[in-house]
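# Analysis of the macromolecular model
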Amino acid sequence: MKNFATETVRAIVETIHPRDPQLRAKSLKALEQQDTGPLQFAAHAAGAVAWGYSEKFAESFNRYASFAQAVVVVVSFAFAPPQAGLYVLGAMLIALSFRDAFTHHDQALPETRYYLDSAGDAAAAGLFVIASQGLAVVALPSMALPAQVMYRGLLVSMPLIATLRMVLRPRPAPVDPDRSPQQSGIPARKIYRKTRWLNFLWLLTVYGVVVQNVTDKHGYFPDFLRGALPIASLFAWKASQVDDLCRRDNLVTLFTSIKAKTLRRMRGNLAAGVKQTTHVNYSTFRFFQLVLSGVVGLSLYTAVEPFLLGEPLIQSTWRAAGAVLAFMAALLTWKHVKAANRAAARALLEEAKKAEAA
Amino acid sequence: MQLLEKQGRIIPDDHIEPVGDFDQMVLAAIYIGHGLADSARLVNQVSEMAGRQVYLGAVLRSLSGLERKHLIESWESDAATEAGGESNFYYNISIIGERALAYAKETSRVIAGLLGDLA
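Here the structure is a predicted model, which is why all the values come from computation and not from measurement.

How each quantity is defined
- Residues numbered from 1 in each chain as written.
- Chains lettered and ligands numbered in written order.
- Predicted model: local features only at pLDDT ≥ 70, side-chain atom pairs only at ≥ 80, totals over all residues.
- Heavy atoms only, no water.
- Helix = DSSP H or I, 4+ residues; strand = E, 2+ residues; numbered from the N terminus.
- Buried < 20%, exposed > 50% of the residue type's maximum accessible area, 1.4 Å probe, protein only.
- Contact = heavy atoms within 4.5 Å.
- Patch = residues over 30% accessible without salt bridge, like charges linked within 9 Å, V, L, I, M, F, W, Y side chains within 5 Å.
- Areas by Shrake-Rupley, 256 points an atom, 1.4 Å probe, with all protein chains shown as cover.
- Salt bridge = Lys/Arg side-chain N within 4 Å of Asp/Glu carboxyl O.
- Lys, Arg positive; Asp, Glu negative; His and termini not counted.
- Charge placed at Lys NZ, Arg CZ, Asp CG, Glu CD.
- Buried area = accessible area lost by both parts, 1.4 Å probe.
- Nonpolar A, V, L, I, M, F, W, Y, C, P; charged D, E, K, R; others polar.
- pLDDT = per-residue confidence, 0-100.
- 1 Å grid on protein atoms, 1.4 Å probe; cavity = no way out; pocket = protein on both sides within 12 Å on 5 of 7 lines; lining within 4 Å.
- Points joined across faces, edges and corners; volume = space filled by probe spheres on them.
- Axes fitted to C-alpha atoms, helices over the stretch in contact; angles between N-to-C directions.
- Parallel < 35°, antiparallel > 145°, perpendicular 65-115°, else oblique.
- Left-handed = near helix turned anticlockwise from the far one by under 90°.
- Polar contact = N/O pair within 3.5 Å; in protein donor to acceptor, adjacent residues only side chain to side chain.
- Expected span 1.5 Å × (residues − 1).
- Bend = angle between axes of the 7 residues up to and from the residue.

### Brief notes about the overall build of chain A
For chain A, the helix and strand inventory stands at 13 helices and 0 strands. Dimensions along the principal axes, computed over C-alpha positions, put chain A at roughly 85 × 60 × 30 Å. The proportion of buried residues among the 358 residues of chain A is 44%. In chain A, 79% of the contacts between residues at least 6 apart in sequence involve partners at least 24 apart.

### With respect to a positive patch on the surface
All names here are of chain A. Residues Arg189, Lys190, Arg193, Lys194 and Lys259 make up a contiguous surface patch of positive charge. With 4 residues, helix α8 (residues 188-212) is the single largest residue contributor to the positive patch. Assignment of secondary structure puts Arg189 in helix α8.

### Topic: the pattern of salt bridges
One pass over the structure, following the stated rule, counts 11 salt bridges over all chains. Glu67(B) serves as the salt-bridge partner of Lys26(A), at 3.5 Å between the closest nitrogen and oxygen. Of this pair, Lys26(A) sits in helix α2 (residues 21-32) while Glu67(B) sits in helix α4 (residues 56-68), on two different chains. A salt bridge links Arg99(A) to Asp121(A), with the nearest nitrogen and oxygen atoms 2.5 Å apart. A residue pair is termed long-range when its members are at least 10 positions apart, and Arg99(A) in helix α5 (residues 82-103) and Asp121(A) in helix α6 (residues 111-139) qualify at 22 residues.

### Some remarks on the environment of Tyr31(B)
As for its position among the elements, Tyr31(B) is in helix α2 (residues 21-33). A sequence separation of 63 residues divides Tyr31(B) from Ser94(B), and the C-alpha atoms of the two residues are 9.4 Å apart.

### Regarding unusual backbone geometry
The backbone phi angle of His34(B) is positive, close to 50°, even though this residue is not glycine. Summarising the element assignment, His34(B) is placed in the loop between α2 and α3 (39-50).

### What about the interface of chain A and chain B?
Of the residues lining the interface, 19 residues belong to chain A; the matching set on chain B comes to 21 residues. If you sort the residues of chain A by the area they bury against chain B, Lys26(A), Lys29(A) and Trp51(A) come out on top, with a joint share of 34%. Seen at the junction of chain A and chain B, the total is 2 salt bridges. The residue Arg68(B) makes a salt bridge to Glu55(A) at a minimum N-O spacing of 3.5 Å. Grouping the amino acids of the side of chain A that touches chain B by side-chain chemistry returns 7 nonpolar, 8 polar and 4 charged.

### Brief notes about the confidence of the model for chain B
Predicted confidence across chain B gives a mean pLDDT of 82, with 86% of residues reaching 70 or more. Across chain B, the element-wise mean pLDDT spans from 65 in helix α6 (residues 109-114) of chain B up to 92 in α4(B).

### Some details on empty space enclosed by the protein
Here the idea is plain: a probe the size of a water molecule rolls over the atoms and shows the empty space left. Residues and elements named next belong to chain A. Following the criterion strictly, the structure yields 3 cavities of 30 Å³ or more and no others. When its volume is computed, the largest cavity comes out at roughly 110 Å³. Contributing to the lining of the largest cavity are 11 residues, with Thr103, His104, His105, Arg169 and Pro170 lying nearest its centre. Among the residues forming the lining of the largest cavity, the class breakdown is 4 nonpolar, 4 polar and 3 charged. Roughly 70 Å³ of volume is contained in the second largest cavity. Looking at the second largest cavity, the residues that line it are Asn62, Ala65, Ser66, Gln69, Asp100, Asp121, Arg165, Leu168, Arg169 and Pro170. Where the lining of the second largest cavity is concerned, the elements lending two or more residues are α4 (63-76) and α7 (147-168). For the lining of the second largest cavity, the element with the most residues is α4, which contributes 3 residues. Residues belonging to the lining of the second largest cavity are distributed by class as follows: 3 nonpolar, 3 polar and 4 charged.

### Considerations on the packing of α5(A) against α6(A)
Residue and element names in this part refer to chain A. Look at α5 against α6: their axes get within 9 Å of each other, and the N-to-C directions meet at 140°. The angle between α5 and α6 falls in the class oblique. Seen along the crossing, α5 lies across α6 with a hand that is right-handed. Residues Tyr87, Val88, Ala91, Met92, Ile94, Ala95, Leu96, Arg99 and Thr103 of α5 form the contact with α6, whose participating residues are Asp117, Gly120, Asp121, Ala124, Ala125, Phe128, Val129, Ser132, Gln133, Leu135 and Ala136. The residue makeup of the contact of α5 with α6, split by class, is 13 nonpolar, 4 polar and 3 charged.

### Description of the side chain of Thr36(A)
Within the secondary structure, Thr36(A) is located in the loop between α2 and α3 (38-60). At 3.5 Å, the side chain of Thr36(A) forms a polar contact with the backbone nitrogen of Phe41(A).

### Some details on helix α12 (residues 282-309) of chain A
For an α-helix, 3.6 residues make a turn, and residues three or four places apart therefore share a direction. Residue and element names in this part refer to chain A. Taking 1.5 Å as the rise per residue, α12 with 28 residues should run 40 Å; its terminal C-alpha atoms sit 39 Å apart, in good agreement. Most pronounced at Ala303, the bend in α12 amounts to some 35°, and the proline Pro306 follows within four residues. Once α12 finishes, Gly310 follows within two positions and takes phi at roughly 105°, a positive value.

See the structure below:
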């Protein structure tokens, strides 16, 4: 029995139901077959949508992303009264969980879709916080944030949440993750040189973030941490992934391919990546990755702290905006830097094997 | 074989999966449907069994729970063979599901009344 009311309900369900195609098909087909009055149809529709979200909540949960998001929200609203801060944290995490369930997909989507979704997530979380504050002002004034804390907190947290979700959003594995970079026709040595240059540029970006946020406070602990720590942890991070034995292999015979040896040594200079199941250095790799992100995060915090504390806009805005943008750039390029290193290591190894076989 | 059993890949012959009251009714409705039970039919059938209006969400939740326990299987029909020209999802009971239902028949009077010839 199709009429305007049931068609409207169906259209609403189509808009708000989680995107997973299999789940969506099951829900919508089952709903279409319900031959009832509008009120009962609406109850069936609500049940189908609730089922869709309940199926996806656990599947889409990502503990690292949730932890990182919680840290961002806590820091962004750190200067709010405790209960109001907790209320905002709850509102934001609930909104993001719903977005996770809504967008979670088992099939690979175009890259741009992930970026759009991540921006949409941050916007939805922001809207949810504003709506929850509207409710708090009417029903629970003690839970409402001071206006300045809310606007400044949102301005800092929204771009950061979008960035974190771009980096940490679970994605299905690409169709052929081990596709050889040799197929692109670029020589391995050229990929190696470009990758080393990329690593240097990335480190320069990190130091840019660090340098622009050094304070003039005497004995300030974050300043103490920011000297050699980024470069030392980047080298330790790289060292945890390097095959050091190839660099000590000095034995040359008549049948040794010097070219292959050189290529293998070049590979030893790159962060070739480690696997949890096969490499003993995996925990070291994870630790230094965490230290690196911690250093960048610390720089960001010192830059946005005056803005969040309520310093006049003219003094604090540009510094905070610059730090947020630099943090976004460092974090978003990090994944590509890692991928470039791994691709270059694969290309060098393949070319070395070819040289050995020749 | 022992390793597979330990990993839960082989279900022993005497294993009976515990099923809740509502799930028992859904399982019975699927059994009665003989492989042609879609969710709309299941909603009506379970509503009749329960003697109250049952909503789609509850049935879908029960179906996915039963499917996860491998008590039922779902399959999507070919659109060309359907009357409306659109594919549909149907549910079928598995052997473990039949075993669980036979056990439910012994323990529940409501289910026993519905399933005359089972086990």
